[in-house]
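# Coordinate inspection notes
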Amino acid sequence: LREGACDLAISPRPPEGSDILQQRLFEDRYSVFYDASARAAPLSLADYLGADHITVVYEPRRTLDLDQTLAARGVQRRFAVMVPGFAGVPAFLRGSPLLCTAPSLLGQGIMAGFAQAEVPLPCPTMPMYLVWHRQHQADAAHHWLRRKILDIPLRR
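Below or above, wherever it landed, is the structure these notes cover. Small disclaimer: the values here were computed from a predicted structure and weren't measured. (Residues numbered from 1 in each chain as written. Predicted model: local features only at pLDDT ≥ 70, side-chain atom pairs only at ≥ 80, totals over all residues. Heavy atoms only, no water.)

### Section: the overall build of the protein chain
Counting its regular elements, the protein chain contains 4 helices and 8 strands. Taken from the N to the C terminus, the helices and strands of the protein chain come in the order β-β-β-α-β-α-β-α-β-β-β-α. Its C-alpha atoms give the protein chain principal-axis dimensions of about 50 × 30 × 25 Å. Taking contacts inside the protein chain between residues at least 6 apart in sequence as the whole, the part at least 24 apart equals 78%. By element, 55% of the accessible surface of the protein chain is carried by carbon and sulfur atoms, the whole surface being about 8,900 Å². Looking at charge distribution, the protein chain has the averaged site of its 17 positive side-chain charges lying 2 Å from that of its 15 negative ones. (Helix = DSSP H or I, 4+ residues; strand = E, 2+ residues; numbered from the N terminus. Contact = heavy atoms within 4.5 Å. Areas by Shrake-Rupley, 256 points an atom, 1.4 Å probe, with all protein chains shown as cover. Lys, Arg positive; Asp, Glu negative; His and termini not counted. Charge placed at Lys NZ, Arg CZ, Asp CG, Glu CD.)

Take a look at the structure:
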């Protein structure tokens, strides 16, 4: 945003700074995704923690907020696969007994076709924000685009 590589972003982690503006779009919850042809849903915490998981690691050693919250409670998942973004998850999940705990709304997109189950322990929610640089605040076309995004109905 600061370097002009993009004009607008949707993110659960908006950059900090007085030059970055944001508006909360919605709040999602986590779901457990799995391939129902390869395994059953995890029915208990022991089943969930006993399984191998796929996770997303955006930067070296930067785990998801979910895993930081779980670690603070003394809970750790066993990761068999780490990918740099959620788009990499389906190829590893398909046909395997792995689990992936991810934002539930991904089930309407890249995780469509996989079964979903509730996470068997309390998880933080994931707020999503529309984020832009202050230099675009008064731009009419940018304002129009932000308005269009804000007007999109959220389907659950």
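Read on, since the account is not over.
### Description of the side chain of His 136
Residue placement: His 136 occurs in the loop between strand S8 (126-133) and helix H4 (140-150). His 136 has contacts with Asp 7, His 142 and Arg 146, leaving out every residue within four places of it along the chain.

### Some thoughts on the environment of Trp 144
One can find Trp 144 in helix H4. Note on Trp 144: relative accessible area 53%, which makes it exposed. A C-alpha to C-alpha distance of 15 Å links Trp 144 and Gln 22, two positions 122 residues apart in sequence. (Buried < 20%, exposed > 50% of the residue type's maximum accessible area, 1.4 Å probe, protein only.)

### Some thoughts on the layout of surface pockets
In this structure, the largest pocket spans a volume of roughly 840 Å³. Across the lining of the largest pocket, the residue classes tally to 21 nonpolar, 3 polar and 7 charged. Computed from the structure, the second largest pocket encloses a volume of approximately 190 Å³. Of the residues belonging to the lining of the second largest pocket, the class tally is 8 nonpolar, 1 polar and 3 charged. (1 Å grid on protein atoms, 1.4 Å probe; cavity = no way out; pocket = protein on both sides within 12 Å on 5 of 7 lines; lining within 4 Å. Points joined across faces, edges and corners; volume = space filled by probe spheres on them. Nonpolar A, V, L, I, M, F, W, Y, C, P; charged D, E, K, R; others polar.)

### Side note on the pairing of strand S6 (residues 99-103)
Across the 5 residues that make up S6, a large majority, 5, are buried. With 4 bridges connecting them, strand S3 (residues 30-34) and S6 associate as antiparallel partners. Bridging across to S6, Val 32 finds its partner in Thr 101. Note: strand S4 (residues 52-56) against S6, 2 bridges, orientation parallel. The partner of His 53 across the bridge, within S6, is Leu 99. (Pairing = 2+ DSSP bridges.)

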